[in-house]
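Given next are the chains, with one letter for each unit.
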Amino acid sequence: MAITGSFFILFLLVLTTTGSTSSVVGEMVTILSIDGGGIKGIIPATVLSFLESQLQELDNDEDARLADYFDVIAGTSTGGILTTMISAPNEKGRPFSAAKDIVSFYFEHGPKIFPPGAKPPFWAPKYDGKYLHKVLQDKLGETRLHQTLTNVVIPTFDMKKLQPIIFTKSEIANSPHLDAKMSDICYGTAAAPTYFPPYYFENDDGKGNKYEFNLIDGGVVAVNPALIALSTVTNSVEADPSFASIKPLDVKQILLLSLGTGTTADFAGKYTAEEAANWGLVYWLFNNNSNPLREMSYAANAIMNDYYISTIYRALVAETNYLRIEENALTALLPKWIMLQRLI
């Protein structure tokens, strides 16, 4: 979708009149969706910083936070971590991180989460994940899903059950075992195969029943979680009063902002059918410091989710309610240690 400055400002203006802190029946439901992409979470983090600052200026409120404006915030992998940072409460009951502080979080912790010089993941995960897990535990403590300040949607995949597990605040009443600690959810959605070990944890449903989770990266389910977020609103229209005015697929009343993490310009055109004609498993999985199969699958996932959503909004004459922001030429835009990390 083409992006123009005036379109983005229009989006901001609509948000200031539909914030979840003052929503009433008949107003629009607002959704923020954030793609997976490992350290490239810096890209949507920068957009979020700008968005929050503009909303503060428009509403003349320096304490305004993104969670005040979005009824649903969805995130996959690094997007799940971003989602949590802007929606989990601090000791004062406000989001524990302002959007402007998130970029510095990536620059401070990124080199330790993805240490340079890690060995290729032939026989074991490239990174042990211990530092990432510790940072999440230190930041989030005992905070659980039900405590988030707005409805969050974070996809993961359970490798033992062989099915997606979507951690959604609106589903806790029906599935109380999903009310896990946010640190566990965040690590689970970021546990990309070959990069981090799968993540096992147990959670109590509040009635003494134990549930086990064997999670890997939410990108296996949806690198771009916008369609899942849209489905969450549709599925919640009867159970959640805040969505009472929304009819299924009535996207004229759903404002959706979807943020990508970008693709590298050097990957497009990098491979040809002739070159790959003799590839076996090793070359498809490990080739020239990248994982071609993974990169192609993740790119297709993100693009097709955008395509489906664009089609729905266009068919219902609601194009201006959907905005997708994506960068397709990241080469030289980020420090070298960041560019070494692929689509995690």
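Read on for an overview of the structure. Here the structure is a predicted model, which means the values were calculated and not measured. (Residues numbered from 1 in each chain as written. Predicted model: local features only at pLDDT ≥ 70, side-chain atom pairs only at ≥ 80, totals over all residues. Heavy atoms only, no water.)

## Remarks on empty space enclosed by the protein
Over the atoms a probe the size of a water molecule is rolled, and this reveals where empty space is left.
Thought 1: A full pass over the atoms with the stated rule returns two cavities of 30 Å³ or more.
Thought 2: The space that makes up the largest cavity amounts to roughly 140 Å³.
Thought 3: Lining of the largest cavity is provided by 15 residues; of these, T78, I81, I113, F114 and L132 occupy positions nearest its centre.
Thought 4: Among the secondary structure elements, those contributing two or more residues to the lining of the largest cavity are α3 (78–87) and α4 (102–113).
Thought 5: With five residues, α4 is the single largest residue contributor to the lining of the largest cavity.
Thought 6: In terms of residue class, the lining of the largest cavity is built from 10 nonpolar, five polar and no charged. (1 Å grid on protein atoms, 1.4 Å probe; cavity = no way out; pocket = protein on both sides within 12 Å on 5 of 7 lines; lining within 4 Å. Points joined across faces, edges and corners; volume = space filled by probe spheres on them. Helix = DSSP H or I, 4+ residues; strand = E, 2+ residues; numbered from the N terminus. Nonpolar A, V, L, I, M, F, W, Y, C, P; charged D, E, K, R; others polar.)

## Some points on the pattern of salt bridges
Thought 1: The tally for this structure, following the rule as stated, stands at eight salt bridges.
Thought 2: R324 serves as the salt-bridge partner of D35, at 2.7 Å between the closest nitrogen and oxygen. Taken as a pair, D35 in the loop between β1 (29–34) and α2 (42–59) and R324 in strand β8 (residues 322–325) lie far apart in primary sequence, 289 residues in all. R324 carries the same exposure label as D35, and that label is buried.
Thought 3: Notably, a salt bridge pairs K134 with D138, separated by 2.8 Å at the nearest N-O pair. With K134 and D138 both in helix α5 (residues 130–140) and four residues apart, the pair spans about one turn of that helix.
Thought 4: Each of D35, R324 and E326 takes part in one network of salt bridges that share partners. (Salt bridge = Lys/Arg side-chain N within 4 Å of Asp/Glu carboxyl O. Buried < 20%, exposed > 50% of the residue type's maximum accessible area, 1.4 Å probe, protein only.)

## Overview of unusual backbone geometry
Thought 1: Of note, the phi angle at N60 is positive, near 55°, even though the residue is not glycine.
Thought 2: Within the element layout of this structure, N60 appears in the loop between α2 and β2 (72–75).
Thought 3: A relative accessible area of 74% means that N60 is categorised as exposed.
Thought 4: Even without a glycine there, the phi angle at T194 is positive, about 80°.
Thought 5: Note on placement: T194 falls in the loop between α6 (182–190) and β5 (199–204).

Just distances and angles here, no functional claims.
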